[in-house]
Structures are given as C-alpha cells and as structure tokens.
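A look at the structure
Now for the letters of each chain:
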Amino acid sequence: MKRFYFPVFVTLALVVYTLQRFSVALPSLINNYLNDLLCMPIVLKIAQLAVRYLKKDGRIQLPILLVGILTLGYACYFEWFLPQFNSRYTADGIDVFLYFTGALFFVVVERYNRYFSRE
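Worth saying up front: this structure is predicted, and the values here are computed from it rather than measured.

On to the nonpolar core, then. Within the largest apolar cluster, 16 residues are counted, with the highest numbers of intra-cluster contacts made by M40, L44, V67 and F106. Mapped by element, the contributors of at least two residues to this core are α1 (5-21), α2 (28-55), α3 (64-85) and α4 (93-111).

Before going further, it helps to examine the packing of aromatic side chains. Applying the stated rule across the entire model yields 8 aromatic pairs. Judged by centre distance (5.0 Å) and plane angle (85°), the rings of Y77 and F78 are edge-to-face. Overall, the relative accessible area of 40% leaves Y77 in the partly exposed class. Plain terms: the ring middles of F81 and F85 are 4.9 Å apart, the flat faces sit at 50° to each other, and that makes the pair tilted. In this pair, F81 and F85 are both assigned in helix α3, 4 residues apart and thus about one turn of the helix distant. Counting every residue linked through ring pairs, the aromatic cluster contains Y74, Y77, F78, F81, F85 and Y89. We note K56 situated over the ring of Y53; from NZ or CZ to the ring centre the distance is 5.3 Å.

Here we take up α2. Compared with an ideal rise of 1.5 Å per residue, which puts 28 residues at 40 Å, α2 spans 42 Å between its outermost C-alpha atoms and is within 8% of the ideal. Considering bend angle alone, the principal kink of α2 is centred on L34 and spans about 35°. Within α2, burial applies to Y33, D36, L38, C39, M40, P41, I42, L44, K45, Q48 and R52. Buried residues in α2 make contact with α1, α3 and α4. Just past α2, the residue K56 takes up positive phi, approximately 55°.

Thresholds, definitions, all that
Residues numbered from 1 in each chain as written. Predicted model: local features only at pLDDT ≥ 70, side-chain atom pairs only at ≥ 80, totals over all residues. Heavy atoms only, no water. Core = buried A, V, L, I, M, F, W, Y, C linked by side-chain atoms within 4.5 Å. Buried < 20%, exposed > 50% of the residue type's maximum accessible area, 1.4 Å probe, protein only. Helix = DSSP H or I, 4+ residues; strand = E, 2+ residues; numbered from the N terminus. Phe/Tyr/Trp six-rings, centres within 6.5 Å; stacked < 30°, edge-to-face > 60°. Lys NZ or Arg CZ within 6 Å of the ring centre and 35° of its normal. Expected span 1.5 Å × (residues − 1). Bend = angle between axes of the 7 residues up to and from the residue. Contact = heavy atoms within 4.5 Å.

Below you can see the structure in the form of structure tokens.
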C-alpha cells in the first residue's frame, strides 16, 4: 500500500478537480469531501519526499508533531481564514475531520507499513 497510495490519491484528486472544472455532476460525497480526505496524505508525502531529497536520506520520517501542525495549518487556512475572504470556500467541520483522517492515514501507512505489506 505504501508504494501505491500516493499516485492513486493524486490521480483521484486530479480527476475530481478536472471534472469539477468542467461542471460534471458528481455524487455529493465525492464532490464535497473526497479531495479534503486526499489532501493531507498528498501534501505530507510531497513534504516528506522533499526533505528526503534535500537531506539525501530516504529513511527520514516527518515528525508526528509536524504532521499535526501542518494539518492544523491547512484546516485553519482553508476552513477558517479563506471562507472569510473568498466565497468559493466554506467553513465545514467535516472537512477538518477529513484533513486529520488523511493525516492519520499518512502516519499509519508511512510509519507502520508492516501492517499493510506482504513482507
């Protein structure tokens, strides 16, 4: 799972975003919530890959505290700050829950992958 979730999540997020841009009707749960669930695993994996590249160490893990801070930052920015200034964004507690659920998924898969691998 560790190898495959990132490209699958990115592909799903891009498909949903593209369909939304072309005004294709999607089921409500997918339209309103799927990308919020996928957001943090994608962002955190990119951050982890960047740190690994910069430090030249493929074993580096993002600290759990940093994962929590980044997730809280995303939640505050997209669910509190932006809705005050841009009508495209709406504050939604379910989105906050989904950000943290996605972050938890990232931590579990990246740190405890033995539960998800066949090794």
